[in-house]
Amino acid sequence: MDFIFQNVLNALQWGSFYALIALGYTLVYGVLRLINFAHGDIFMVGAYISFFVAGFLLGPLAGLSPLVAFLVTVPLTMMLTACVGVTLERIAYRPLRRKGAHRLYVVITALMCGLILEYSNLAVLGASRLKFPELVEKQIWNIGGIALTNLKVMVIVTAVLVFLFLQWVVTRTRVGMAMRAISYDKFAIPLMGIPMDNIIVITFVLGSGFAGLAGLLFAMSYPVLEPFMGMLIGWKAFIAAVVGGIGDIKGAFVGGFLLGAIEVAVVTVFPSTYRDLFAFTILLLILWMKPTGLFGIPQSTKI
Amino acid sequence: MKHHSLNALLAIVAVLLLVAAHFGWIDNYIQIVVMTIGINIIMSTSLNLVNGNMGEFTCGHAGFMCVGAYVSSIISVLCFGSKFGDPMLPAGSVLFVFPFILLIGGAVAAVSSLLVSVPSFKTRDDYLAIISIAVNYMIISALENMNFIGGSRGFQGMKDTYWAMIDIFDGPWMLFWVINFTIFTVWVIRRFISSTYGKGVNAICQDEVAAEIMSVNTNKIKIINFMVAAGLAGCAGGLYAHIIGYVNPQSFNILKSTEAMVMVYLGGMGSLSGAIISAILFTTLMEILRSQAIIDGMLSPVTFIFPDWEPSAGVIKWVMIPLLLVIVMQFRPEGIMGNRELSDVFPKLKKFYRFK
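Residues numbered from 1 in each chain as written. Chains lettered and ligands numbered in written order. Predicted model: local features only at pLDDT ≥ 70, side-chain atom pairs only at ≥ 80, totals over all residues.

## Concerning the overall build of chain A
Next up, step 1: A tally of helices and strands in chain A yields 10 helices and 4 strands.
Next up, step 2: The order of α-helices and β-strands along chain A, N terminus first, is α-α-α-α-β-β-β-α-α-α-β-α-α-α.
Next up, step 3: Rg of the C-alpha trace for chain A: 19 Å, near the compact-globule value of 19 Å for 303 residues, within the 12% margin.
Next up, step 4: In terms of principal-axis extent, the alpha carbons of chain A reach across some 60 × 50 × 40 Å.
Next up, step 5: The buried share of chain A, reckoned over its 303 residues, is 48%.
Next up, step 6: Long-range pairs, those at least 24 residues apart, make up 77% of the contacts in chain A with a sequence separation of at least 6. (Helix = DSSP H or I, 4+ residues; strand = E, 2+ residues; numbered from the N terminus. Rg over C-alpha atoms; globule rule 2.2 N^0.38 Å. Buried ≥ 20, exposed ≤ 12 C-beta atoms within 10 Å, placed from the backbone. Contact = placed C-beta atoms within 7 Å.)

## Notes on the overall build of chain B
Next up, step 1: Helix and strand content of chain B: 17 helices and 2 strands.
Next up, step 2: Relative to its length of 356 residues, chain B is compact, with a C-alpha radius of gyration of 21 Å against a globular reference of 21 Å.
Next up, step 3: Within chain B, the proportion of its 356 residues that are buried is 49%.
Next up, step 4: A separation threshold of at least 6 residues defines the contact pool for chain B, and within that pool the share at least 24 residues apart is 80%.

## Side note on helix α6 (residues 174-184) of chain A
All names here are of chain A.
Next up, step 1: Listed in full, the buried residues belonging to α6 are Ala 178, Met 179 and Ile 182. In an axial view of α6, the angular spread of the buried residues amounts to 105 degrees, which keeps them on one side of the axis.
Next up, step 2: Buried positions along α6 lie against α1 (2-32), α5 (150-172) and α7 (196-221). (Arc of directions from axis to C-beta.)

## Some words on the nonpolar core
All names here are of chain A.
Next up, step 1: Ile 21 and Leu 23 are the most contacted members of the largest nonpolar core, which totals 215 residues.
Next up, step 2: By residue number, the principal contributor to this core is α1, which donates 16 residues.
Next up, step 3: Sequence-distant contacts of Leu 23, that is, excluding residues within four places in its chain, are made with Val 162, Phe 163, Leu 166, Phe 210, Ile 249, Ala 252 and Phe 253. (Core = buried A, V, L, I, M, F, W, Y, C linked by C-beta atoms within 7 Å.)

## Let's talk about the interface of chain A and chain B
Next up, step 1: Tallying the contact residues gives 35 residues for chain A and 31 residues for chain B.
Next up, step 2: Looking at the side of chain A that touches chain B element by element, the count peaks at 13 residues for helix α4 (residues 103-125) of chain A.

## Observations regarding the packing of helix α2 (residues 39-58) of chain A against helix α8 (residues 229-244) of chain A
Residues and elements named next belong to chain A.
Next up, step 1: With their axes 7 Å apart at the nearest point, α2 and α8 run at an angle of 135 degrees to one another. Put simply, α2 runs oblique to α8. Between α2 and α8 lies a crossing whose hand is right-handed. Residues His 39, Gly 40, Asp 41, Phe 43, Met 44 and Ala 47 of α2 form the contact with α8, whose participating residues are Met 229, Gly 230, Met 231, Ile 233, Gly 234, Trp 235 and Ala 237.
Next up, step 2: Its residues assigned to classes, the contact of α2 with α8 comprises 8 nonpolar, 4 polar and 1 charged. (Axes fitted to C-alpha atoms, helices over the stretch in contact; angles between N-to-C directions. Parallel < 35°, antiparallel > 145°, perpendicular 65-115°, else oblique. Left-handed = near helix turned anticlockwise from the far one by under 90°. Nonpolar A, V, L, I, M, F, W, Y, C, P; charged D, E, K, R; others polar.)

## Remarks on the environment of A:Ser208
All names here are of chain A.
Next up, step 1: Residue position: Ser 208 is located in helix α7.
Next up, step 2: Judged by the 32 C-beta atoms lying within 10 Å of it, Ser 208 is buried.
Next up, step 3: When the C-alpha positions of Ser 208 and Val 86 are compared, they lie 8.0 Å apart, and in sequence the two are 122 residues distant.
Next up, step 4: When residues no more than four places from it in sequence are discounted, the contact partners of Ser 208 are Gly 24, Ile 42, Thr 81, Ala 82, Val 84 and Gly 85.

## So, the pairing of strand β3 (residues 146-149) of chain A
All names here are of chain A.
Next up, step 1: Bridge count for strand β2 (residues 140-143) against β3 is 4 bridges, and the pairing is antiparallel. Directly across from Ile 140, in β3, lies its bridge partner Thr 149.
Next up, step 2: What sits between the antiparallel neighbours β2 and β3 is a turn of 2 residues, in which Gly 144 has the positive phi angle 55 degrees. (Pairing = 2+ DSSP bridges.)

## Points about the packing of helix α12 (residues 254-267) of chain B against helix α13 (residues 272-290) of chain B
All names here are of chain B.
Next up, step 1: The interhelical angle for the contact between α12 and α13, taken along N-to-C directions, is 125 degrees, at an axis separation of 8 Å. On the basis of the axis angle, α12 is oblique to α13. For the element pair α12 and α13, the recorded crossing hand is right-handed. Here Val 262, Met 263, Val 264, Leu 266 and Gly 267 of α12 come into contact with α13, specifically with Gly 274, Ala 275, Ile 277, Ser 278, Ala 279 and Phe 282.
Next up, step 2: Tallied by class, the residues present in the contact of α12 with α13 amount to 8 nonpolar, 3 polar and no charged.

## Some thoughts on the confidence of the model for chain B
All names here are of chain B.
Next up, step 1: Per-residue pLDDT for chain B averages 85, and the proportion of residues at 70 or more is 99%.
Next up, step 2: Within chain B, the lowest mean pLDDT, 77, falls on helix α17 (residues 342-345), and the highest, 92, falls on helix α11 (residues 218-244).
Next up, step 3: Scored as a complex, the prediction yields pTM 0.86 and ipTM 0.82. (pLDDT = per-residue confidence, 0-100.)

## As for unusual backbone geometry
Next up, step 1: At A:Arg33, a position not held by glycine, the phi torsion is positive, near 55 degrees.
Next up, step 2: In this fold, A:Arg33 is placed in the loop between α1 and α2.
Next up, step 3: A positive phi is found at B:Ser215, a non-glycine position, where the angle reads about 65 degrees.
Next up, step 4: By secondary structure assignment, the location of B:Ser215 is in the loop between α10 (208-213) and α11.

## Some thoughts on α11(B)
Next up, step 1: Helix length check: α11(B), at 27 residues, gives a terminal C-alpha distance of 39 Å against a target of 39 Å (1.5 Å per residue), a fit within 8%.
Next up, step 2: Looking one or two residues past α11(B), B:Gly245 carries a phi angle of roughly 85 degrees, positive in sign. (Expected span 1.5 Å × (residues − 1).)

## Here we look at the environment of A:Phe218
Residue and element names in this part refer to chain A.
Next up, step 1: Its location among the elements puts Phe 218 in helix α7.
Next up, step 2: Exposure remark for Phe 218: the 25 C-beta atoms within 10 Å place this residue in the buried category.
Next up, step 3: Sequence spacing of Phe 218 and Ala 47 is 171 residues, and the spatial spacing of their C-alpha atoms is 7.4 Å.
Next up, step 4: Other than its neighbours up to four places away in sequence, Phe 218 contacts Phe 17 and Ala 47.

## Quick notes on the environment of B:Ser72
Residues and elements named next belong to chain B.
Next up, step 1: Along the chain, Ser 72 turns up in helix α3 (residues 61-80).
Next up, step 2: The class for Ser 72 is buried, based on 32 C-beta atoms found within 10 Å.
Next up, step 3: Expressed as a C-alpha distance, the spacing of Ser 72 and Leu 103, which sit 31 residues apart in the sequence, is 8.1 Å.
Next up, step 4: Filtering out sequence-adjacent residues up to four positions away, Ser 72 remains in contact with Ile 101, Leu 102, Ile 104, Gly 105, Gly 238 and Ala 241.

Written as structure tokens, this is what we have:
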């Protein structure tokens, strides 16, 4: 019994990372119909930014105590990562959108931007892995034989809070209404006096900011940083978003936890090298049965 | 003369290359580059069938290459190698058997493409992209878990087949096979695209629903198109495995698929000659950027300011190539050729050759 609960906790933790990243994918997709393939690498950039921010705050120049440093690192990381995301949008995606290019070209640009981020990081910082400093002292609570760390709880709670926040933004606020309107009809929206570019920037700020938060939490849980850490987790989070039905906030959240649960379940039964094989096979089966994901609504095509 | 000019030109170039390689006028490095160009031409033209001509968006082409590479290497080791016991076939028959080994690898890769083509009946665009990525990861991950063929440590022993060929006649055999298979691929794709099936493929690209109404059996065409593309990629994988003499699942990961995609979109979607030209350009560029001296020269202003920074060519290369593609997408998103062929861009060329 303890064993099962312990694994459920692990699944929830992994699912939270996938869900946090998948939310960014799905936000951008929901508004722009664009797969932002660079999102996994923005997560990686977020982890690195949090490393440098935390290093600076703990270092001799600022000299803050770990708890204060942590509280300052969170918003600072989110802001700086959001800047990276918005820069990408301004430099690479917006000119293409202005020209009315086919969306395939934008997708390829996104894929290439991801590669640029990975390899320029590798070129500038080198291939040596970085050790993330300990910001929050690790506490282990033992409840009925189940080991519970404060980090795990923090990650899971953050994912749920972020989900509720984004759900509120998209369904209850004016900005969210504008986002849904853009995804509904891109050509009529500027005529209605809605500043499309600003809304898109807000989307990127939200998505990249929470990717940065995920990067910070990931770096705190698994304190080794390398330039390619965002690649596989990014692809998997994207898969989670698609399984849930991309463009749907709830779908990304459920898909993330589903993928986390599948992976942890596979690892407990089979050798851990089978994890990817099973995760991707189950994904393929889900998409085969239900081509638009669990919560996605098929778009009807007019003839 | 017009009928055979292109064939004659290709034959002359091929013979010149082979003679030059045989007598050592071009060294091994140039030979490897030429062979890589050949393999990349196969990869880009075959991916162009799916991504260009059919207008689907798949990004897992390297997975099929991986299947072809592994299957043909295993058969090759079974037939001529000593890794799994005694060779099954006499070494003298290698010249007749080797093309069939590659073709069997291609055939198995073609069958594995059903993993992508069957879901593609119902899905398009982003969902299909995900399915193809998932298939790529599945293939790699499945091979990594097969310990009898080395798992993630890779598989080797294919060089025995090459040595068997060398025993018969000491010449540049792999170059010979790469040239033959490249020409074979381009010929097959050209014939396929100008056939009734090819017209169906283009119809699906324009409008799938309308094509279906016009009595195009879209499911059948999709299966055939994916099979041709994956089969040719499998042949490319077999050639790659026999050139290097070692295969590893991770050398066919998403980065390799991205390479093939870069070549297709650089050349222009749906243009066969564009895919060939971009494969040649891309491979040459990769080789040029591999040189540390050139990278150092290009980055000398930066390293002058930051003397501690030592950029490595292998890394900078992968910053520059995506950057190049981003710039291409900004200023000429249709690629080098658009969806036109060489003879459409330069109509005067039509006088000199005919390519069917």
